[in-house]
Amino acid sequence: MDNLQIKQIHGQVLELYTTSLLPIVRKYFGKETNLAKEKQSDKYANTLVTQADLAMHTALFENLPKILPGASVISEECNDRTITKYTFIIDPIDGTHTFARNLDDWGISIVLIESGEVIYAVIFFPNCNTKYYYAIKGLGAFDSEDKKVSPRAFFKFKPTIVCAPFSRKTGRALIELTKNKMLSFKAYGSVVYALYTQLRGGTDFLVFDHLNIWDVLGCAFIAEQTGLVVKWVGTKPNYENKANHDILTQKYTLITYKPDFDKNQLDDLVNMVNLTSE
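Residues numbered from 1 in each chain as written. Predicted model: local features only at pLDDT ≥ 70, side-chain atom pairs only at ≥ 80, totals over all residues. Heavy atoms only, no water.

### Here's the deal with the pairing of strand β8 (residues 140-143)
So, step 1. Of the two faces of β8, the one lined by G140 and F142 and the one lined by A141 and D143 are each fully buried.
So, step 2. The pairing of strand β7 (residues 132-136) with β8 spans 4 bridges and is classified as antiparallel. Looking across to β8, one finds that I136 is bridged to G140. (Buried < 20%, exposed > 50% of the residue type's maximum accessible area, 1.4 Å probe, protein only. Helix = DSSP H or I, 4+ residues; strand = E, 2+ residues; numbered from the N terminus. Pairing = 2+ DSSP bridges.)

Following this line, the structure appears as structure tokens:
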């Protein structure tokens with residue numbers, strides 16, 4: 001697929017966002033009708049799901065194959081997770097807990113894979129100033145005004161380290177590592193929102209900690225196309241063997257950071273993440 005075709009798909013995805021996804025956000029966000037409950041079946045039991053999650057998933061599952069006929073759609077909510085030549089991997093709401101609590105740090109992730117390679121990704125932030133970021137392979141990453149995005153230099157005296165989501169093992173190790181150094185630590189429940197803060201210059205080193213492929217794939221692709229340094233810790237997704245769907249059950253850890261990050265601090269942080277991910 002050439003870049004012109006990908007741009008056309010991007011335009012149709014934006015239309016889908018405006019006509020179908022935003023109305024779902026308006027219907028459920030901040031409303032008592034958005035009842036949250038825990039799933040009680042399959043390997044994703046005891047994770048939070050809301051009516052908005054299910055409505056968003058249905059809208060994407062039904063409409064994305066209309067944008068690209070023959071494409072499969074994979075998400076946490078799908079029973080059939082078959083990888084085809086063209087596959088959309090989606091996270092209808094990343095940050096369900098914050099969405100259910102009427103907070104703004106959540107987002108929607110859509111990724112398109114062609115023959116085992118990511119070629120397009122977009123992450124929507126309905127409640128944020130920059131409404132979305134998207135990336136096309138080889139062209140770079142762009143904001144919702146179609147301005148090209150590049151890593152922003154340090155503006156703070158203390159670089160900010162973020163862990164998303166906050167895990168007891170990695171998060172506590174990061175707190176211990178940063179408390180005696182000139183580093184600031186934060187944690188977010190949504191990985192796409194954590195990337196949002198990094199693309200806007202507020203996060204210097206970001207840890208995506210033990211997550212599913214639909215949580216991290218769009219973030220990794222957009223970060224890489226932006227010019228951030230992206231490193232997978234341990235296992236990296238491999239789509240070549242389509243019969244092996246371990247990529248859909250595997251937990252992934254990766255880090256993204258600005259190219260001008262201080263090397264001495266960087267080495268300590270990377271070593272710590274490697275140790276806590278074993």
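### Overview of the nonpolar core
So, step 1. L195, F208 and I222 are the most contacted members of the largest nonpolar core, which totals 42 residues.
So, step 2. At the level of elements, β5 (107-114), β6 (117-124), β7, β9 (160-164), α5 (191-199), β11 (205-211), α6 (213-226) and β13 (252-257) are the ones that each hand at least two residues to this core.
So, step 3. Of the residues forming this core, the biggest block, 9 residues, is contributed by α6.
So, step 4. If near-sequence neighbours (up to four positions away) are discounted, I222 is found in contact with A121, V122, I123, Y133, Y134, A135, A141, L195 and L199.
So, step 5. Listed in part, the 38 residues of the second largest apolar core include L14, I24, L64 and W106. (Core = buried A, V, L, I, M, F, W, Y, C linked by side-chain atoms within 4.5 Å. Contact = heavy atoms within 4.5 Å.)

### Quick look at the sheet that holds β11
So, step 1. Spatially, 5 strands are ordered β10-β9-β11-β13-β12 in an open sheet, and the strand pairing comes out mixed. Both edges of this open sheet fall to β10 (184-187) and β12 (229-233), since each of them pairs with a single strand only. Across the sheet, the mean angle separating the axes of adjacent strands is 15 degrees when strand polarity is ignored.
So, step 2. Bridge analysis of β9 against β11 gives 4 bridges, and the strand direction is parallel. In the strand pairing of β11, I161 is matched with F205.
So, step 3. Set on the sheet, helix α7 (residues 263-276) makes contact with β9, β11, β12 and β13; between it and β11 the angle comes to about 5 degrees. (Axes fitted to C-alpha atoms, helices over the stretch in contact; angles between N-to-C directions.)

### Quick word on the sheet that holds β5
So, step 1. Strands sit in the order β3-β4-β5-β6-β7-β8 across an open sheet of 6 strands; the sheet is mixed. Edge positions in the sheet fall to β3 (72-74) and β8, since each has one partner strand and no second. Neighbour-to-neighbour, the strand axes of the sheet open up by a mean angle of 20 degrees, direction not taken into account.
So, step 2. Two strands pair when backbone bridges link them, and strand β4 (residues 86-94) and β5 are joined in this way by 7 bridges, in the antiparallel orientation. Within the sheet, the bridge partner assigned to F88 lies in β5 and is L112.
So, step 3. Docked against the sheet, helix α1 (residues 3-28) engages β5, β6 and β7, running at close to 30 degrees with respect to β6.

### Considering α6
So, step 1. The end-to-end C-alpha separation of α6 is 20 Å, in line with the 20 Å expected for 14 residues at 1.5 Å each.
So, step 2. Of all 14 residues making up α6, 13 are buried, and the element is well covered by its neighbours.
So, step 3. In the stretch just after α6, G227 is the one whose phi turns positive, near 115 degrees. (Expected span 1.5 Å × (residues − 1).)

### With respect to the packing of α1 against helix α2 (residues 51-67)
So, step 1. Interaxial distance between α1 and α2 falls to 10 Å at its minimum, and their mutual angle equals 160 degrees. On the basis of their axis angle, the class for α1 and α2 is roughly antiparallel. Crossing hand, α1 versus α2: right-handed. Touching I9, Q12, V13, L16, S20, L21, I24, V25 and Y28 of α1 are Q51, A52, A55, M56, A59, L60, N63, L64 and I67, all from α2.
So, step 2. Here the contact of α1 with α2 is composed, by residue class, of 14 nonpolar, 4 polar and no charged. (Parallel < 35°, antiparallel > 145°, perpendicular 65-115°, else oblique. Left-handed = near helix turned anticlockwise from the far one by under 90°. Nonpolar A, V, L, I, M, F, W, Y, C, P; charged D, E, K, R; others polar.)

### Quick notes on the environment of L54
So, step 1. Along the chain, L54 turns up in helix α2.
So, step 2. Expressed as a C-alpha distance, the spacing of L54 and E77, which sit 23 residues apart in the sequence, is 7.7 Å.
So, step 3. Residues in contact with L54, not counting those within four places in the same chain, are V49 and E77.

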